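Each chain, letter by letter, is given below.
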Amino acid sequence: MTGLSAPVRRVHPAWWVAAVTFLALVGAAGFRAVPGVLMDPLRDEFGWSVTTISAAVAVNMALYGLTAPFAAALMERFGIRPVITAALVVVAAGSGLTVFMTESWQLVLCWGVLVGLGTGSMALALVATVTGRWFVARRGLVSGVLTAGGAAGQLVFLPVVALVAESSGWRAAALGVSVAALAVVPVVLLVLRERPRDLGVTPYGGTAADDRDPIRTGAGRTAVRALLDAARTKPFWYLAAGMMICGATTMGLIQPHFIPAAHDHGMPQTVAAGLLALVGLFDIAGTIASGWLTDRYDPRVLLLAYYVLRGVSLAALPALFGPDIQLTMVAFIVFYGLDWVATIPPTMALCREIFGARAPVVFGWVFASHQVGAALMALGAGVVRDQVGAYDLAWQIGGALCLLAGVLSLLVRREPVGARS
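Caption draft 1: Examining the nonpolar core more closely. Grouped together as the largest cluster of nonpolar side chains are 121 residues, with contacts concentrated most on Ile84, Leu88, Ile254, Phe258, Met329, Phe332 and Trp395. Non-local contacts of leucine 88, meaning those with residues more than four positions away in its chain, are made with Phe31, Met122, Ala181, Val184, Val185 and Val188.

Caption draft 2: Summary view of the state of the cysteines. As enumerated under the stated definition, the model contains zero disulfides in all. Unpaired in terms of disulfides, cysteine 402 finds its nearest cysteine sulfur in cysteine 246, a separation of 8.0 Å.

Caption draft 3: Structural view of the environment of phenylalanine 321. Mapped onto the elements of the fold, phenylalanine 321 is located in the loop between α12 (299–316) and α13 (327–339). Phenylalanine 321 gets classed as buried once you look at its relative accessible area, which sits at 9%. Phenylalanine 321 sits 254 residues away from threonine 67 along the chain, and the two C-alpha atoms are 35 Å apart.

Caption draft 4: Just the pattern of salt bridges, in detail. Counting across every chain of the model gives five salt bridges. Residue arginine 385 pairs with aspartate 264 through a salt bridge whose shortest N-O separation is 2.7 Å. Separated by 121 residues along the polypeptide, arginine 385 in helix α15 (residues 359–388) and aspartate 264 in helix α10 (residues 254–264) bring together distant segments of the chain. Residue arginine 385 is classed as buried on the basis of its relative accessible area of 17%.

Caption draft 5: The side chain of serine 95, seen in detail. Examined against the element boundaries, serine 95 turns out to sit in helix α3 (residues 80–97). Within the structure, serine 95 has its side chain in polar contact with the backbone oxygen of alanine 174 (distance 2.6 Å). Not counting the four nearest positions on each side in its chain, serine 95 is found in contact with Trp111, Val115, Ala174, Val177 and Ser178.

Caption draft 6: Just the side chain of threonine 233, in detail. In this fold, threonine 233 is placed in the loop between α8 (219–230) and α9 (234–249). When its relative accessible area of 12% is taken as the criterion, threonine 233 is described as buried. At 2.7 Å, the side chain of threonine 233 forms a polar contact with the backbone oxygen of alanine 230.

Caption draft 7: Looking closely at α15. Over its 30 residues, α15 extends 42 Å from the first C-alpha to the last, a length consistent with the 44 Å expected when each residue adds 1.5 Å. Burial runs high along α15: 22 of the 30 residues are buried.

Caption draft 8: Up close: the packing of aromatic side chains. As enumerated under the stated definition, the model contains 10 aromatic pairs in all. Measuring from ring centre to ring centre gives 5.3 Å for phenylalanine 236 and tryptophan 237, while their planes differ by 80°; the resulting arrangement is edge-to-face.

Caption draft 9: How the structure looks around the packing of helix α2 (residues 50–78) against helix α4 (residues 104–120). At a minimum axis distance of 7 Å, the contact between α2 and α4 shows a crossing angle of 25°. As the angle between them shows, α2 and α4 are arranged roughly parallel. In terms of crossing hand, the pair formed by α2 and α4 is right-handed. Residues Thr52, Ile53, Ala56, Val59, Asn60, Leu63, Tyr64, Thr67, Ala68 and Ala71 of α2 touch α4, and the partners they reach there are Ser104, Leu107, Val108, Trp111, Gly112, Val113, Val115, Gly116, Leu117, Thr119 and Gly120. Looking at the contact of α2 with α4, its residues break down into 13 nonpolar, eight polar and no charged.

Thresholds, definitions, all that
- Residues numbered from 1 in each chain as written.
- Predicted model: local features only at pLDDT ≥ 70, side-chain atom pairs only at ≥ 80, totals over all residues.
- Heavy atoms only, no water.
- Core = buried A, V, L, I, M, F, W, Y, C linked by side-chain atoms within 4.5 Å.
- Buried < 20%, exposed > 50% of the residue type's maximum accessible area, 1.4 Å probe, protein only.
- Contact = heavy atoms within 4.5 Å.
- Disulfide = S-S within 2.5 Å.
- Helix = DSSP H or I, 4+ residues; strand = E, 2+ residues; numbered from the N terminus.
- Salt bridge = Lys/Arg side-chain N within 4 Å of Asp/Glu carboxyl O.
- Polar contact = N/O pair within 3.5 Å; in protein donor to acceptor, adjacent residues only side chain to side chain.
- Expected span 1.5 Å × (residues − 1).
- Phe/Tyr/Trp six-rings, centres within 6.5 Å; stacked < 30°, edge-to-face > 60°.
- Axes fitted to C-alpha atoms, helices over the stretch in contact; angles between N-to-C directions.
- Parallel < 35°, antiparallel > 145°, perpendicular 65-115°, else oblique.
- Left-handed = near helix turned anticlockwise from the far one by under 90°.
- Nonpolar A, V, L, I, M, F, W, Y, C, P; charged D, E, K, R; others polar.

As structure tokens, then:
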């Protein structure tokens, strides 16, 4: 043989970065979902009301969302690895410290503030940052896969946490979360890289020109200026309002309240947790499919379909609860799972089209509205349960809001807007 061909790189480094990001998002989703499983054990041990525990969940969800735009700006300023590593350590501390709590304010501090800040730093603004830096081709698909990490987190954690809490107590489950968070740290430090240029490559499907320099100004200033610029446009408010309703009807309503609502109707907690995990399973398929569709169809039409179908299924939910799993409940789980966060890829795509280079930070603010909606609904549904004795009214309000979100999605104009540098 007279010549040897140069070795061929089989896997673009962008896919390894995406894989580590997926792992971090899986953990963040699982850590955040745990309070829904522990609500009844906490009520039994401390005598706290659903409203009291829901207040901690609401703080968690609000900070999870409000941290996102600042986390995106911090990633631009200091890098992805330091931010994610610090976030995992904060989550481990917040979950671990709950084993010492004796008062409800300590639950708000540990699970509300610390876990909220930590998981917020690994929120979907991370998806926007990674896809924006590392991918040009397949952005919609990768956004869908990474978003599905949230669903996978529920799938992996909820049944396990429910079993551990039932067999060994809720403190063992909380400590398990701490260990899991710390276990992700070495993977992030060893594998994750900041930008394609660090490895001598270009973004997947792009050129060197697509590997833009990071924004080195203050993280707080970057986040606030992005918000002020975006807030002058109607598309931002339409997207933010739609995402607020999205958060209210998923993370705010179903995630913390489905298990106790099912338990109210005689269903064992572990069975209800298994159903909620199935939502996560089907959401993986639904979100990846949504990313694929986003690369091919008008994101606004996709959002309309997702929101309307979600509203119809929520309105039907009160009639489906019972002590046993019926075929109609399985149909709801499949249907709702496919739609769970299928809204994220088209919303992210619209942000990229409209806001350009600032899309990751702007999307952070849009996602913040998602979590504000989740926080309000998490608390509101808890109040409904305590005052009325059932969750039915909360499900009906959620269904009506989804129809409104569908209409708002069609009002978004797909035109780039100027942004101040």
